[in-house]
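The chain contents come next:
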Amino acid sequence: MTVDTQEQGDERVHWLPMIAAISSISVVGIAIGLGMPLLSVILETRGHSASMIGLNTAVAGLASIAGAPLATPLAMRLGVAWTMLVMIFLGALAFVGFHFAPDFWMWFPLRVVLHISLTVLFILSEFWISTSAPPHRRGLVLGIYATVLSLGFAAGPWLFAHLGSSGFRPFGVIIALVALAAIPVLAARKESPTIVADSETSHFLRYIWLVPTATFAVLVFGAVETGGFALFPVYGNRIGYSEADAALLLTMIGLGNVLLQIPIGMISDRVSDRRYLLLICATVGLIGTAFMPFFAQNWHLMAALLFVWGGVVAAMYTIGLAHLGSQLSGHELASANAAFVLCYGVGMVLGPQAIGIGMDAFGPSGFGWSLALFFAAYMLLVLVRLVRKIL
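Remember, predicted model here, so these are calculated numbers, not experimental data.

## With respect to the domain arrangement of the chain
Frequently, the measure chosen for interface size is the accessible area that the parts lose on association.
So, step 1. Considered domain by domain, the chain is made up of domain 1 (14–191) and domain 2 (202–390).
So, step 2. Where domain 1 touches domain 2, the interface holds seven residue pairs in polar contact (both at pLDDT 80 or more).
So, step 3. Contributions of two or more residues to the side of domain 1 that touches domain 2 are made by α3 (71–78), α5 (107–132) and α6 (138–163).
So, step 4. At ten residues, the largest contribution of residues to the side of domain 1 that touches domain 2 is made by α6.
So, step 5. Per-class residue counts for the side of domain 1 that touches domain 2 are twelve nonpolar, nine polar and three charged.

## Considering the nonpolar core
Side chains of nonpolar character tend, in soluble globular proteins, to be buried together.
So, step 1. One finds Trp128, Trp309, Phe367 and Phe375 to be the most contacted residues of the largest nonpolar core, which totals 123 residues.
So, step 2. Residues from two domains meet in this core; each of domain 1 (14–191) and domain 2 (202–390) gives at least three.
So, step 3. Apart from the residues lying within four places of it in its own chain, the contact partners of Trp128 are Pro17, Ala20, Ala21, Val80, Ala81, Met84, Val185, Ala188, Glu191, Ser192 and Pro193.

## Focus on empty space enclosed by the protein
So, step 1. If you walk through the whole model with that rule in mind, you get one cavity of 30 Å³ or more.
So, step 2. Taken as a whole, the largest cavity spans an internal volume of roughly 60 Å³.
So, step 3. Residue lining of the largest cavity: Val28, Ala31, Met87, Ile88, Gly91, Phe95, Leu114, Leu118, Leu121 and Val178, and that is the complete set.
So, step 4. Elements with a minimum of two residues in the lining of the largest cavity: α1 (15–45), α4 (80–100) and α5.
So, step 5. Looking at the lining of the largest cavity, the element that brings in the most residues is α4, giving four residues.
So, step 6. Its residues assigned to classes, the lining of the largest cavity comprises nine nonpolar, one polar and no charged.

## Things to note about the state of the cysteines
So, step 1. Evaluation of the coordinates by the stated rule reveals zero disulfides.
So, step 2. This cysteine, Cys281, is not joined by any disulfide, and Cys343 carries the nearest cysteine sulfur, 18 Å off.

## Observations concerning the pattern of salt bridges
So, step 1. Under the definition given, this model contains three salt bridges.
So, step 2. Here Arg206 makes a salt bridge to Glu332, at a shortest N to O gap of 3.9 Å. With Arg206 in helix α8 (residues 206–210) and Glu332 in helix α13 (residues 330–362), this pair connects stretches of sequence that are 126 residues apart.
So, step 3. A residue is classified by how much of its surface remains accessible, and Arg206, at 34% relative accessible area, is partly exposed.
So, step 4. Judged by relative accessible area, which is 4%, Glu332 ranks as buried.
So, step 5. Measuring nitrogen to oxygen at the nearest pair gives 2.7 Å for the salt bridge that ties Arg275 to Asp273. Exposure class is identical for Arg275 and Asp273. Each is buried.

About the cut-offs
Residues numbered from 1 in each chain as written. Predicted model: local features only at pLDDT ≥ 70, side-chain atom pairs only at ≥ 80, totals over all residues. Heavy atoms only, no water. Domains from an automatic or database assignment. Polar contact = N/O pair within 3.5 Å; in protein donor to acceptor, adjacent residues only side chain to side chain. Helix = DSSP H or I, 4+ residues; strand = E, 2+ residues; numbered from the N terminus. Nonpolar A, V, L, I, M, F, W, Y, C, P; charged D, E, K, R; others polar. Core = buried A, V, L, I, M, F, W, Y, C linked by side-chain atoms within 4.5 Å. Buried < 20%, exposed > 50% of the residue type's maximum accessible area, 1.4 Å probe, protein only. Contact = heavy atoms within 4.5 Å. 1 Å grid on protein atoms, 1.4 Å probe; cavity = no way out; pocket = protein on both sides within 12 Å on 5 of 7 lines; lining within 4 Å. Points joined across faces, edges and corners; volume = space filled by probe spheres on them. Disulfide = S-S within 2.5 Å. Salt bridge = Lys/Arg side-chain N within 4 Å of Asp/Glu carboxyl O.

Structural data, given as structure tokens:
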């Protein structure tokens, strides 16, 4: 295993490749934020049932899991920048295909192509950012990345509200955005990292267990983010909030996510072992879920709690990615990034199921208990690793 090789390497900030990776993936984030509601609305207007729309959307998660192992081999063969450009092109083609596909069954292979492309883009952009950021700035840079990406996702629905779902115009905007994402990657292609296979190349899944404090941090975040966002409106309704009040509370979680990533990332750069900070984030997550029932009767207290809770929990992704970059480099880091994104996908599958089952079994309190279970299990893992003094 290659450990801490970057810590002893180049201390310069490679601004061009970092800006290329951050800006390109953030523009893609806007396209996703616009494209996902657009596709669902179009299917509904065509008369498809909610279950069929859900089934087509669920293919995205499976495609993401399937796409994760492809990132490193493709980047080794084509190069990081050229692989990203190919994925941007394939993603644009898939979006165009949705507009022209006459039959519903055609949307399934299009979803597969789209989300495999997006998964490879996310893996390689995060790898590129990690290799371009010097060790003492890695947390800050990844905090900027998470913030800009969150703003991109938020901008997508705003664009959708203004563009609507009729005609080719929203698809044209998506294609323009995706084409725009290719420009900085093309400009920085000569500074993209080279991935060279080690003499003992291992399957990328081994990296889930090699740096589990990072990979399981993103699994917990994926479970909490996806399950929490999906079921919080149901939870809010059951404890007496109106639909509008519950939606505003979700907005507070998103606001905390956007505003707290950079300061927390800067703090992580001053911590010698980021696992302690990951443990603190999980502890805040656990305490926050425990206090939710007590704050539920006061909307403003609940909003303040969710602002802090949302930002700190989201930092598990940022800090986990920074911890991964501090422990591995080169081919190993690329493979570990693939494992990292795969774990996020697994969390996306587990979270809604676990929280839904918890609420069915225990009522509204099952929402917080299910979330707490994820945080408690992760805290136990980190404590064991720290006591045993392993990664």
